[in-house]
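# Residue-level structure breakdown
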Amino acid sequence: MASATLLLSARSRFAGRPLPAAFAKALAQADRQSGSAGESEQLRRHFQLIPDHWPVAALTRQLDAGDAAQSSWLRVDPAHVAPDMGGARMLSHGEALALTAEDSAQLLPALRPLFGDAGFALDAPRPSRWYLRLPRESKLPAFAAPDEVLGEDLFVHLPEGDLGRRWRALLTETQVVLHNHPWNAMRASLGKPAVNSLWFWGAGTLPDFVRTHYKQVKGNEILLRALAGAAGVSATADDGGEVDALVDLRHLRDLDLVAHEAVQPLLEAVRKRELQSLTLDFEDGAIFHLRRDQRWRFWRRPLAKL
């Protein structure tokens, strides 16, 4: 019998909202488990990479262009930063900038010589996802993911040490080139944010294997799609509910919508023995396993909050 797992955003996203009664009762009766918090840790609970590392750039590059093998990759995503007292803050990046192919075509030629002189090839198979191709044996510093940097002082998150010095210099040079680029002046005249910085992150090589026990993965988020593709599972196929499925609902912020539209129909399927179990995996590490036999735990009080 099939089971289903829902990927959900951190419980703090739903803070202060009362739990629907049936949802609160089901969660109280469920088996609970604690995992590590964060997007990468949440996905790693469901995908095993061999060797065990987390090369976001290589994974998404393979999905975007199909040529990630044999090289190391680094995401160099376009970003908009604003000066702040004593530094600068990243205000948006990647898809949030709503870039077009024309944006990439205008900006990339000015940046390619800079990275080419450093021995790296820059390209953008998607307007919001830019990449550097690196020699496979490249030694790189630790880079922070852009979601960790968003809204914070950019310089606090720059790579450190001797390995980081080269990348700090490259970032400064790219900011100068982008600041002076006439295309950004045009974007500003249209009320669009300037692409005045890049952000380096997600370094690594394509894993030898990606494994998951799910036969169906549903979701549009790029990294989830890349992992599913690397594991040989379609992120869009629908096998009629007869296989173990992983469903991405992290984009939902309305608790009533999650409870009534997503969870309740699946709980009904569990009750009717159409589904063996349902797992709710929250990004903050809280995990609830729900099964039909838990209905006998009637003495447990419904949860007052997540």
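Calculation rules
Residues numbered from 1 in each chain as written. Predicted model: local features only at pLDDT ≥ 70, side-chain atom pairs only at ≥ 80, totals over all residues. Heavy atoms only, no water. Salt bridge = Lys/Arg side-chain N within 4 Å of Asp/Glu carboxyl O. Helix = DSSP H or I, 4+ residues; strand = E, 2+ residues; numbered from the N terminus. Buried < 20%, exposed > 50% of the residue type's maximum accessible area, 1.4 Å probe, protein only. Expected span 1.5 Å × (residues − 1). Bend = angle between axes of the 7 residues up to and from the residue. Contact = heavy atoms within 4.5 Å. Polar contact = N/O pair within 3.5 Å; in protein donor to acceptor, adjacent residues only side chain to side chain. Core = buried A, V, L, I, M, F, W, Y, C linked by side-chain atoms within 4.5 Å. Pairing = 2+ DSSP bridges. Axes fitted to C-alpha atoms, helices over the stretch in contact; angles between N-to-C directions. Parallel < 35°, antiparallel > 145°, perpendicular 65-115°, else oblique. Left-handed = near helix turned anticlockwise from the far one by under 90°. Nonpolar A, V, L, I, M, F, W, Y, C, P; charged D, E, K, R; others polar. Phe/Tyr/Trp six-rings, centres within 6.5 Å; stacked < 30°, edge-to-face > 60°. Lys NZ or Arg CZ within 6 Å of the ring centre and 35° of its normal.

Here we come to the pattern of salt bridges. Evaluated as defined, the whole model comprises 19 salt bridges. A salt bridge links arginine 61 to aspartate 123; the shortest N-O distance between them is 2.6 Å. A residue pair is termed long-range when its members are at least 10 positions apart, and arginine 61 in helix α3 (residues 56-65) and aspartate 123 in strand β6 (residues 121-126) qualify at 62 residues. On the basis of relative accessibility, which here comes to 23%, the residue aspartate 123 falls in the partly exposed class. Salt bridges sharing common partners tie together Asp31, Arg291, Asp293 and Arg297.

Take helix α4 (residues 101-117) next. In an α-helix, one full turn covers 3.6 residues, which means residues spaced three or four apart are oriented alike. Helix length check: α4 (17 residues) gives 24 Å between terminal C-alpha atoms against 24 Å at 1.5 Å per residue, within 8%. Most pronounced at leucine 108, the bend in α4 amounts to some 40°, and the proline proline 109 follows within four residues. Three or more residues of α4 are buried, namely Asp103, Ser104, Leu107, Leu108, Leu111, Leu114 and Phe115. Here the buried face of α4 lies against β6, β7 (129-134), α6 (161-179), α7 (182-189) and β8 (197-205). One or two positions beyond α4, positive phi appears at glycine 119, with a value near 90°.

Moving on, we get to the side chain of aspartate 248. Among the structural elements, aspartate 248 can be located in strand β11 (residues 245-248). A polar atom in the side chain of aspartate 248 sits 2.7 Å from the side chain of arginine 250. Once residues within four sequence positions are removed from consideration, aspartate 248 is found in contact with Leu7, Lys218, Gly219, Glu221 and Leu224.

Counting residues in hydrophobic clusters, the biggest one holds 57 residues, and the most contacted among them are Phe115, Trp130, Leu132, Trp167, Trp199, Phe200 and Leu227. For this core, the secondary structure elements donating two or more residues are α3, β4 (72-84), α4, β7, α6, β8 and α8 (222-230). In contact with tryptophan 167, other than residues within four places in its own chain, are Leu74, Phe120, Leu132, Leu134, Leu140, Pro141, Phe143, Pro159 and Phe200. Counting residues in hydrophobic clusters, the runner-up holds 29 residues, among them Leu27, Val247, Leu280 and Leu290.

It is worth spelling out the sheet that holds strand β13 (residues 286-291) at this point. Strands sit in the order β2-β13-β12-β1-β11-β10 across an open sheet of six strands; the sheet is mixed. Either end of the sheet is taken by a strand with one partner, and the two such strands are β2 (31-34) and β10 (216-218). Neighbour to neighbour, the strand axes of the sheet diverge by 15° on average, direction disregarded. Where strand β1 (residues 3-8) and β11 come together, four bridges link them in parallel fashion. In the sheet register, alanine 4 faces β11, and the bridge partner there is alanine 245.

A few words now on the packing of α4 against α6. For the pair α4 and α6, the least separation of the axes is 10 Å and the interaxial angle reads 150°. The pairing of α4 with α6 is recorded here as roughly antiparallel in orientation. The handedness of the crossing between α4 and α6 is right-handed. In contact with Leu107, Ala110, Leu111, Leu114 and Phe115 of α4, α6 contributes Leu170, Glu173, Thr174, Val177 and Leu178. Looking at the contact of α4 with α6 residue by residue, the classes come out as eight nonpolar, one polar and one charged.

Turning next to unusual backbone geometry. Cis peptide bonds are those with omega within 30 degrees of zero, and the linkage from isoleucine 50 to proline 51 qualifies with -5°. Here proline 51 shows up in the loop between β3 (48-50) and α3. The phi dihedral of glutamine 70 falls on the positive side, at around 80°, and the residue is not glycine. Residue class for glutamine 70 comes out exposed when judged on its relative accessible area of 65%. A positive phi angle, near 55°, is found at alanine 98, a position not held by glycine. Structurally, the position occupied by alanine 98 is in the loop between β5 (87-93) and α4.

The next thing to look at is the packing of aromatic side chains. Within this structure, the stated rule accounts for seven aromatic pairs. Here the aromatic rings of phenylalanine 120 and tryptophan 167 are separated by 5.3 Å at their centres, their planes lie at 10°, and the arrangement is stacked. One end of the pair, phenylalanine 120, is in the loop between α4 and β6; the other, tryptophan 167, is in helix α6, with 47 residues separating them in the sequence. Taken as a pair, phenylalanine 120 and tryptophan 167 share a single burial class, namely buried. An aromatic cluster of three or more residues is present, and its members are Phe115, Phe120, Phe143, Trp167 and Phe200. Taking NZ or CZ as reference, arginine 61 lies 5.2 Å from the ring centre of tyrosine 131, over its face. Sitting above the plane of the phenylalanine 209 ring, arginine 211 keeps its charged end 5.6 Å from the centroid.

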